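Structural overview
Next come the chains, spelled out residue by residue.
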Amino acid sequence: MKHFDAIIIGTGQSGPSLAARFSAADKTVAIIERNKFGGTCVNTGCIPTKTLVASAYAAHVARRGDEYGFVAGDIRVDMQRVKARKDAVSGRSNKGVEEWLRGLKGCTVLQGHARFQSANTVVVNDEVLRAEKIYINVGGRASIPEMPGIHDVPFLTNSSIMGIDFLPKHLVIVGGSYVGLEFAQIYRRFGSEVTIVEMGPRLIGREDQDVSQAVREVLEAEGIQIRVNAECISLAKQDGGVAVRVECSEGAPEAVGSHVLLAVGRIPNTSDLGLDKAGVTTDKRGYIVVDDQLQTKVPGIWAMGDCNGRGAFTHTSYNDYEIVADNLFNGDHRRVSDRIQAYALYTDPPLGRCGMTDAEIRKSGRRALVTKYPMSRVSRAYEKGETQGFMKVCVDAETKQILGAAILGVGGDEVIHVLLDIMYAKAPYTVIQRAMHIHPTVSEYLPTILAKLEPFV
């Protein structure tokens, strides 16, 4: 049996940084990875998908050459080269994480499947490791729903689609949320026919109604077919492809495509860790139950990242690390409940979101003010020829603090941080109006739109 000061299971966004903190503190740490170093973000999430987004954007702009005063000729996408570029970018990050970990003082890197033997022992490759502190950072994977025909047809997930180097003739995407929408636009811009099938009444159902509708209009303008209210979905083999049968209030009874992508959510990788032997509990969806400082009910065991159900993004996983590390090494008292919800949808234009949605504000019962401004009136957007979307900000009528915001438009994923930083400072929105912003930018319009606040209804 080998003894360590800490054991970390998984090398996603939390684990490696925490290992580095233990190393810097002259502690011994074992970090275990059973698949690819870097987790979802590096291998099948943020980095490879945003690399594909960039390639798709370049092709899209080239096709619009006449609008910008140039002729690019016939635009053809070479999917093998697109994939090679994506693999190179992702592979560099994957290799970088592994080399970084292997170079840390006092850090032992193990590859294999870790399982708990007790609350302070873990078995990997028939070797028993012991530590008084154990951190779980095992991430999640695509959910495969038990819909009729699911086992009778081939299908893609966000992970397996990373391996294709060809252009699907017609990609049918089951799921109209963040992952599905990004892939829909990517492959439509590469040249595929694309159909989105969503069970709910609208796309990205957690978003405000106006955001959802605006995103739909963006996608439909590019020729993406959208089917909502698909209350009963089934899959069946079809000559040369797959038929996705739907029961909708309108439209054809099925969407026939060459390939189908399942994008209906994520599940945590917690079912095969032997958590019961450690006494670690999970909720009904398999997420590890943690407190406000990410500790499980078992002393000495923490869960970070997607597997704890407290966030589903790279940045929330990294923030989990920051909370754990600051509390452990700096005597801080950081909590999950202190952070403000923030994320982006990387369609083009992107959506930047922070704070409360309209529905959450209404549910809170507080008196609020709201302002909304079309991107078509933003100089930077007009100059770039990318005027789709809008900016919307909601503030508390009494404290003047920002409650939430949605920026759907060019640079929205970056501009949102101006508002997010003010929110963390607990400063009134009027602080933004006193700042001198650079022209021409999207951010410079925030003071303008905040001068137009109206009662929120």
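Summary of the structure given here. All figures in this text were calculated on a predicted structure; none of them were measured in a lab. For every chain, the first residue of its written sequence is number 1, and the numbers climb from 1 along that sequence. Reporting of local features is limited, given that this is a predicted model, to residues whose pLDDT is at least 70; pairs of side-chain atoms are given and counted only at 80 or more, and all residues count toward the totals for whole chains, interfaces and linings. Computation of side-chain values covers all heavy atoms of the structure but excludes hydrogens and water.

**Things to note about the sheet that holds strand β15 (residues 254-257)**
Within a sheet, neighbouring strands are paired by backbone hydrogen bonds and run either parallel or antiparallel to one another. DSSP calls a pair of strands paired once it identifies at least 2 bridges connecting them. Only DSSP runs of H or I with at least four residues qualify as helices, and only runs of E with at least two residues qualify as strands; both kinds are numbered from the N terminus onward. The strand order across the open sheet built from three strands is β13-β14-β15, with neighbouring strands paired in antiparallel fashion. Each of the sheet's edge strands pairs with one partner strand only, and the pair in question is β13 (233-238) and β15. Adjacent strand axes in the sheet meet at a mean angle of 20° when their direction is disregarded. Relative to strand β14 (residues 241-246), β13 runs antiparallel, the two sharing six bridges. Within β14, the residue paired with S234 across the bridge is R245. Note on definitions: angles span 0 to 180 degrees between N-to-C directions of axes, and those axes are lines fitted to C-alpha atoms, for helices only across the stretch in contact.

**So, the packing of helix α3 (residues 46-63) against helix α6 (residues 178-190)**
As a packed pair, α3 and α6 sit with axes 8 Å apart at the nearest point and diverge in direction by 40°. Considering their axes alone, α3 and α6 lie oblique with respect to each other. Note that α3 runs across α6; the crossing there is left-handed. For the pair α3 and α6, contact is made by T49, K50, L52, V53, S55, A56, Y57, A59, H60 and R63 and by E182, F183, I186, R189 and F190, respectively. Residues are sorted three ways: Asp, Glu, Lys and Arg are charged, Ala, Val, Leu, Ile, Met, Phe, Trp, Tyr, Cys and Pro are nonpolar, and all the rest, Gly among them, are polar. Class assignment for the residues of the contact of α3 with α6 results in eight nonpolar, three polar and four charged. Any angle that is under 35 degrees is reported as roughly parallel, and any over 145 degrees as roughly antiparallel; angles of 65 to 115 degrees are reported as roughly perpendicular and all others as oblique. A crossing counts as left-handed when the near helix is turned anticlockwise from the far one by less than a right angle, and as right-handed when that turn is clockwise. Contacts are assigned to residue pairs with any non-hydrogen atoms lying within 4.5 Å of each other.

**Quick word on the environment of I224**
If you trace the backbone, I224 turns up in the loop between α7 (209-221) and β12 (225-227). By relative accessible area, I224 is classed as buried at 2%. Residues I224 and T121 lie 103 residues apart in sequence; the distance between their C-alpha atoms is 51 Å. Whether a residue is buried, partly exposed or exposed follows from its accessible area with a 1.4 Å probe, protein chains only, as a fraction of its type maximum: under 20%, in between, or over 50%, in that order.

**Topic: the packing of aromatic side chains**
Two numbers describe a pair of aromatic rings. These are the distance of the centres and the angle of the planes. Each Phe, Tyr or Trp ring (for Trp, its six-membered ring) is paired with any other whose centre lies within 6.5 Å, and the angle between the two planes then decides the class: stacked below 30 degrees, edge-to-face above 60, tilted in between. Throughout the structure, instances matching the rule amount to eight aromatic pairs. Where F22 meets F329, the ring centres are 5.1 Å apart and the plane angle is 75°; that geometry is what we call edge-to-face. In this pair, F22 sits in helix α1 (residues 15-24) while F329 sits in helix α9 (residues 314-329), placing the two residues 307 residues apart along the sequence. An angle of 85° between the planes, with centres 5.6 Å apart, marks the rings of Y187 and F190 as edge-to-face. Taken as a pair, Y187 and F190 lie in helix α6 at a separation of three residues, close to a single helical turn. Assigned by exposure class, Y187 and F190 land together as buried. Among the aromatic residues, those joined into a ring-pair cluster are F22, Y135, W302 and F329. The criterion for a charge sitting over a ring is simple: Lys NZ or Arg CZ within 6 Å of the ring centre, and within 35 degrees of the ring normal. Lying over the aromatic face of F390, K372 brings its terminal NZ or CZ to 4.2 Å of the ring centre.

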